[in-house]
Amino acid sequence: MPVSAPSSAASLLRAAASSYSYTRTRFFPSSFRNLNPSLVSSNNRSVASAALRSFHCSPSRWTHRLHSRSPLSLRAQIRAFHPIIERFQRKFSSMAGEHPFKSVLTSLPKPGGGEFGKFYSLPALNDPRIDKLPYSIRILLESAVRNCDNFQVKKEDVEKIIDWENTSPKQVEIPFKPARVLLQDFTGVPAVVDLACMRDAMKKLGSDTNKINPLVPVDLVIDHSVQVDVTRSENAVQANMELEFQRNKERFSFLKWGSNAFHNMLVVPPGSGIVHQVNLEYLGRVVFNTDGVLYPDSVVGTDSHTTMIDGLGVAGWGVGGIEAEAAMLGQPMSMVLPGVVGFKLSGKLRNGVTATDLVLTATQMLRKHGVVGKFVEFYGDGMSELSLADRATIANMSPEYGATMGFFPVDHVTLQYLKLTGRSDETVAMIESYLRANKMFVDYNEPQHDRVYSSYLELNLAEVEPCISGPKRPHDRVPLKEMKADWRSCLNNKVGFKGFAVPKEAHGKVAKFSFHGQPAELKHGSVVIAAITSCTNTSNPSVMLGAGLVAKKACKLGLQVKPWIKTSLAPGSGVVTKYLLQSGLQEYLNKQGFHIVGYGCTTCIGNSGELDESIASTISENDIIAAAVLSGNRNFEGRVHALTRANYLASPPLVVAYALAGTVDIDFDKEPIGTGKDGQSIFFKDIWPSTEEVAEAVQSNVLPDMFRSTYQAITKGNPMWNQLSVPSSTLYSWDPNSTYIHEPPYFKNMTTQPPGAHGVKDAYCLLNFGDSITTDHISPAGSIHKDSPAAKYLLERGVERKDFNSYGSRRGNDEVMARGTFANIRLVNKLLNGEVGPKTVHVPTGEKLYVFDAAMRYKDAGHDTIVLAGAEYGSGSSRDWAAKGPMLLGVKAVIAKSFERIHRSNLVGMGIIPLCFKSGEDADTLGLTGRERYTIDLPRKISDIRPGQDVIVTTDNGKSFTCTVRFDTEVELAYFNHGGILPYVIRNLIK
């Protein structure tokens, strides 16, 4: 350091003392505190302020503190402090105007003069490797360049991303700071609960509660509370909304309080639409302009289908709620630099083939290829044939094909959509100019540079054929022409993803019953739920208007949906209603029973409401394999409805077609759907619209003013929302009697020092699973069964059964959710020897108990527990309660063949150890029954644990096997050391 440096350093430290509220702590001596702030430059004040804030997060760096009572002179103290000062200046040079990449900060001129702002230019890096990077990786690169401070984001991280072609196969770790965070109410309530608890913890530990505030924009859309109670009524929307507010008033009030108590948080009120459609049509910025600096929009969301925004060219994916909370509070996300699968599209969809058919085909292809933990980037001549809504449909189902995201770079189609949805001309011009200047825009009219991908796939769109998926998994695609044969084989097959094990003599069973005085009957395969729902499809005008055209043709021909089929239409936004009314097609949907029931996530999340009692009893008493057909993205067993064991995903027009047929046991090519008004047989081809008919309907009826008028009013709420009265305090007043909002015990007895690493000793196995256990199995979102531990808890507190609501709606109450963990009625636990249901064996006594009751027995006796599982453990929704719940039950580790990406991260975030069996091994091949006791030998010192290292697991009967610890990054090890991500954040903020 130059001789003159100490005085400069002193100025820096004095500046910190004069500018930052925390200088009254022991970090700075009185001689600093008494400085005249006017003697210190404003630039140095901001540098020192930021420096001190960050150094609060690193106490070890302050072990040799300046001391005001030391006999040494101030200069001598500072001279002794040189090593820290050097780090001080090096790490915060960016805030002193010495950003490591300040040389690439470039002005973006406006065509007519002036400038849009400044941006960190990737071309100015002058590195030829950037031209070969996938567009999705360029977004990670720009973020790293812009946020580089050589502390949270280092120049080495930038180099890793530039050298992606060589580094991505090595599983290198990079930090990523998303531009914003997206929540919906099922995940938003627990997120706000956690933030409120963190404020309480900060207060108890004597720190500033205002440190708990989002540092990036948080968009929260209330969309998961609509239960399909009232259907087939012109007043269904209002009736369901009133019931929604009756059930959820406390939750809504809590979220409204949160929007006032926390800065930087926008809450979109209930009744506005589905979160991902609202994000696509309104919230998505594509390019941010913050304080004159332009940068790409990017988002992480607490719903796995956050990926829908990738269709707009915005990099977004789902993360666990706890990980999102850390991102809100300014923590960089640690992620493994992903491989990118290049998916080339060519050709054009054939007449009558829908975007839903395309996405189900792509899902099957990508699932087979293997894309877990990877980005998928679409390109090729076929891109010009896909509307933005079609792209969003494909991007939406990224979780179903296993990718982190399915990305469509911005091109002219994107710009057209931005104008259609009401974004201003100036905004669109800024977006195009910025993305072109930073090599993030694809212009298919220009020669395309070859980009490097980790692997390649190709699909000719002309090869896509009509299809559906089911009966139990989204990637089990069935071509429409093969559906009848596939259904018959499912009846025959043994119980599994493609089997129900119905005896042959029972295949033709007919159960007759009376439906409100009208004779009716059900068979295996009878459709009892037909729902046009879900973010996947309701944002796509072509399939929504297509459904209307099917309904219209059916009405004209005299076909009618049977009255006992529970039909519903839940648009993703008010725009859908506008164009269905404009086209005149809503009238025909109404005639077929598809009245609008509300604006939000319904059947796909399990908010199907109750079936008529006559139907429910007929299914149960006759063991009928009833079917649901929905335009959703998830059809896992037990999710849609407890009584529909067969659940098929289909396009909205196919939902209408199957509702008209009344069964999935039909060959649409050969068998009539029904009999028309003239007595003639009506076939599928008679009601199916052509591609040209659909395109004409879209062109004539989807107008920019519809988007503008819908979203101008979106944050104004509705009378019921606006009448909610909430306190103005920044600390929440917990009501111990509330069954919706309850203070969880995450920070109980928390100290300022981390608990450290730990192994597991003599743990019992709580559950022993096979493959494909989903987050719906672990933490169901749907109805609360009348005999469950959660039901008992609610009844004991005076909640009537009719007011149970759903598990999803009660995620703000840890007592309910702990009891709802592993409460899925379709749970298959090997400890029960084939019995299906939410129970397990308490190994010490051999008793069969509800999982919650068994877990409490183990906890009360001081015993740890583990879970054994097969492949794809935790697939499905990015549900943080699928990790929080097991933690509250006392689960210390999960040993599986493989994990779904987000769920593994969630387990780490809650302090649960994820371990993988070695390739070719699992509980069965190792002879594990789940009745053993397990010891996992992990080092006590966190520094002795490496990401991905092997550990030995032993049992009390002499078995021993090796597993891989799935802490994938050094940051995840830090979380584990602290007992989870939230304690880690709190301790860093305090220090």
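Throughout what follows, the structure given in this document is the object of discussion. (Residues numbered from 1 in each chain as written. Predicted model: local features only at pLDDT ≥ 70, side-chain atom pairs only at ≥ 80, totals over all residues. Heavy atoms only, no water.)

## Observations concerning the overall build of the chain
Here is step 1 of the chain: Scanning the chain for helices and strands turns up 36 helices and 34 strands.
Here is step 2 of the chain: Relative to its full complement of 991 residues, the chain shows a buried share of 62%.
Here is step 3 of the chain: When contacts within the chain are restricted to residue pairs at least 6 apart in sequence, those whose partners lie at least 24 apart make up 76%.
Here is step 4 of the chain: Accessible surface computed for the chain: about 36,200 Å², of which carbon and sulfur atoms make up 48%. (Helix = DSSP H or I, 4+ residues; strand = E, 2+ residues; numbered from the N terminus. Buried < 20%, exposed > 50% of the residue type's maximum accessible area, 1.4 Å probe, protein only. Contact = heavy atoms within 4.5 Å. Areas by Shrake-Rupley, 256 points an atom, 1.4 Å probe, with all protein chains shown as cover.)

## Focus on the packing of helix H9 (residues 185–204) against helix H12 (residues 321–328)
Here is step 1 of the chain: At a closest axis distance of 10 Å, the pairing of H9 and H12 adopts a crossing angle of 55°. Here H9 lies oblique to H12, going by the angle between them. For the element pair H9 and H12, the recorded crossing hand is right-handed. Contacts between H9 and H12 involve Pro190, Ala191, Asp194 and Leu195 on the former and, on the latter, Ile322, Glu325 and Met328.
Here is step 2 of the chain: Classifying every residue of the contact of H9 with H12 gives 5 nonpolar, no polar and 2 charged. (Axes fitted to C-alpha atoms, helices over the stretch in contact; angles between N-to-C directions. Parallel < 35°, antiparallel > 145°, perpendicular 65-115°, else oblique. Left-handed = near helix turned anticlockwise from the far one by under 90°. Nonpolar A, V, L, I, M, F, W, Y, C, P; charged D, E, K, R; others polar.)

## Side note on the pattern of salt bridges
Here is step 1 of the chain: Scanning the model with the defined rule gives 49 salt bridges in all.
Here is step 2 of the chain: Salt-bridge contacts for Glu400 lead to Arg634; the nearest nitrogen and oxygen are separated by 2.4 Å. Here Glu400 is found in helix H15 (residues 398–401), whereas its partner Arg634 is found in the loop between strand E22 (627–630) and strand E23 (646–649), with 234 residues between them in sequence. As far as the burial class goes, Glu400 and Arg634 line up, both buried.
Here is step 3 of the chain: Asp924 is paired through a salt bridge with Lys830; the nearest N and O atoms lie 3.1 Å apart. (Salt bridge = Lys/Arg side-chain N within 4 Å of Asp/Glu carboxyl O.)

## Focus on the sheet that holds strand E32 (residues 933–936)
Here is step 1 of the chain: Pairing within the closed barrel is mixed, and its 7 strands lie in the order E26-E29-E30-E31-E34-E33-E32. Sheet twist, expressed as the average angle between the axes of neighbouring strands with direction ignored, equals 40°.
Here is step 2 of the chain: Bridge count between strand E26 (residues 760–768) and E32: 3 bridges; the pairing is antiparallel. Paired with Ala763 across the bridge in E32 is Tyr934. (Pairing = 2+ DSSP bridges.)

## Overview of the sheet that holds strand E5 (residues 218–221)
Here is step 1 of the chain: Strand order in the open sheet made by the 5 strands is E6-E5-E4-E9-E10, with parallel pairing throughout. A single partner strand is all that each edge strand has here, and the edge strands are strand E6 (265–268) and strand E10 (315–318). Strand-to-strand twist across the sheet, computed as the mean angle between neighbouring axes with direction ignored, equals 20°.
Here is step 2 of the chain: Note: strand E4 (residues 180–184) against strand E9 (residues 298–301), 3 bridges, orientation parallel. For Val181, the partnering residue across the bridge sits in E9 and is Val300.

## Brief notes about the environment of Ser433
Here is step 1 of the chain: Structurally, the position occupied by Ser433 is in helix H17 (residues 425–437).
Here is step 2 of the chain: Sequence separation between Ser433 and Lys110 is 323 residues; the distance between their C-alpha atoms is 8.2 Å.

## Digging into the packing of H9 against helix H36 (residues 981–990)
Angle between the axes and distance between the axes: these two values describe a pair of packed helices.
Here is step 1 of the chain: Here H9 crosses H36 at 40°, and the two axes come no closer than 11 Å. Here H9 lies oblique to H36, going by the angle between them. Relative to H36, H9 is oriented so that their crossing is right-handed. Counted together, Asp194, Met198, Ala201 and Met202 of H9 and Leu982, Val985, Ile986, Leu989 and Ile990 of H36 form the full contact between these two elements.
Here is step 2 of the chain: Across the contact of H9 with H36, the residue classes tally to 8 nonpolar, no polar and 1 charged.

## Some remarks on H12
Here is step 1 of the chain: The element H12 is extensively covered by neighbouring structure, given that 8 of its 8 residues are classed as buried.
Here is step 2 of the chain: Taken residue by residue, H12 has Gly321, Ile322, Glu323, Ala324, Glu325, Ala326, Ala327 and Met328 as its buried positions.
Here is step 3 of the chain: Taken from the residues just after H12, Gly330 is the one with a positive phi, measuring 95°.

Distances and angles like these do not, on their own, reveal function.
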